[in-house]
Amino acid sequence: MTLEQILNQQIANWNVLYTKLHHFHWYVKGAHFFTLHAKFEELYEEAAATMDEFAERLLAIGGNPVSTLKGALELATINETNEKLTAEEMVQTVVNDFSLMIDELKTGMEIAEQNNDEVTHDMFLGRMGELEKHNWMLKSFLK
């Protein structure tokens, strides 16, 4: 993959994740409603900011960020959902998505390094650290 492709894949994933987290925010039910309703909102706000950050980086290096829902769904490696999930299933889905995205960020860091693009490498590294922290917290919730 090229650096433009990996950035676009990330933009697409964060776009799908933004919608999925909104869905979970609206439809979470049960004893953990207040905790997860707030957490999903925090995460979808982070998703929106990350998507914008990656798109602006791609523009800065001469690329063209994916900017339609159709385009995002075609490029994304995570799936949207409209299933009726339990609160715990929602959290597990986010953990699974974050785990996939962490692996893809590692690949992106390698590609950025091969292209001598320290800025994109550092952006990917920072985001990977955030996702690893989120996964630790979400997995702790599930135990």
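Each value, and the rule that gives it
Residues numbered from 1 in each chain as written. Predicted model: local features only at pLDDT ≥ 70, side-chain atom pairs only at ≥ 80, totals over all residues. Heavy atoms only, no water. Helix = DSSP H or I, 4+ residues; strand = E, 2+ residues; numbered from the N terminus. Rg over C-alpha atoms; globule rule 2.2 N^0.38 Å. Buried < 20%, exposed > 50% of the residue type's maximum accessible area, 1.4 Å probe, protein only. Contact = heavy atoms within 4.5 Å. Areas by Shrake-Rupley, 256 points an atom, 1.4 Å probe, with all protein chains shown as cover. Core = buried A, V, L, I, M, F, W, Y, C linked by side-chain atoms within 4.5 Å. Patch = residues over 30% accessible without salt bridge, like charges linked within 9 Å, V, L, I, M, F, W, Y side chains within 5 Å. Salt bridge = Lys/Arg side-chain N within 4 Å of Asp/Glu carboxyl O. Lys, Arg positive; Asp, Glu negative; His and termini not counted. Charge placed at Lys NZ, Arg CZ, Asp CG, Glu CD.

A. Up close: the overall build of the chain. For the chain, the helix and strand inventory stands at five helices and zero strands. Secondary structure elements of the chain occur, N-terminal to C-terminal, as α-α-α-α-α. The C-alpha atoms of the chain give 15 Å as radius of gyration, which agrees with the globular expectation for 143 residues (15 Å, within 12%). Considering only C-alpha atoms, the chain reaches an extent of 50 × 30 × 20 Å along its principal axes. The proportion of buried residues among the 143 residues of the chain is 48%. A sequence separation of at least 24 residues applies to 79% of the contacts in the chain between residues at least 6 apart. Summed over its atoms, the accessible surface of the chain is roughly 7800 Å², and 52% of this surface lies on carbon and sulfur atoms.

B. Summary view of the environment of Asn8. Considering the arrangement of structural elements, one finds Asn8 in helix 1 (residues 3–27). Every residue in contact with Asn8, bar those within four places of it in the chain, is listed here: Leu58, Asn64, Pro65, Val66 and Leu75.

C. Main features of the environment of Thr107. The topology assignment puts Thr107 in helix 4 (residues 87–114). Exposure remark for Thr107: the relative accessible area of 34% places this residue in the partly exposed category. In sequence terms Thr107 and Met1 are 106 residues apart; their C-alpha atoms lie 9.2 Å from each other.

D. View of the nonpolar core. In terms of nonpolar packing, the biggest core is built from 42 residues, with Trp14, Leu21, Phe40, Phe54 and Val94 touching the most fellow members. Sort the elements by how many residues they give to this core and helix 4 lands first, with twelve residues.

E. Focus on unusual backbone geometry. Positive phi values are uncommon outside glycine, yet Asn116 reaches one of about 55°. By relative accessible area, which is 71% here, Asn116 ends up exposed.

F. Spotlight on the environment of Val95. Structurally, Val95 is set in helix 4. For the pair Val95 and Leu138, spaced 43 residues apart in the sequence, the C-alpha separation amounts to 6.8 Å. Once residues lying within four places of it in the same chain are set aside, the contact partners of Val95 are Asn135, Leu138, Lys139 and Leu142.

G. Geometry of a negative patch on the surface. A cluster of acidic side chains, namely Glu110, Glu113, Glu118 and Asp122, defines a negative patch on the protein surface. Elements supplying a minimum of two residues to the negative patch: helix 4 and helix 5 (118–142). Summarising the element assignment, Glu118 is placed in helix 5. For Glu118, a relative accessible area of 63% translates into the label exposed.

H. Seen up close, the pattern of salt bridges. Taken as a whole and assessed by the stated rule, the structure comprises five salt bridges. Its salt-bridge partner being Asp97, residue Lys20 comes within 2.6 Å of it at the nearest N-O pair. On the criterion of sequence distance, the pair formed by Lys20 in helix 1 and Asp97 in helix 4 is long-range, its members being 77 residues apart. Of the two residues examined, Lys20 and Asp97, each falls in the buried class. Here Arg127 and Glu46 are joined by a salt bridge, their closest N and O atoms 3.0 Å apart. Placement of Arg127 in helix 5 and of Glu46 in helix 2 (residues 33–60) is noted, with a sequence separation of 81 residues between them. Glu46 shares its class with Arg127; the two are buried.

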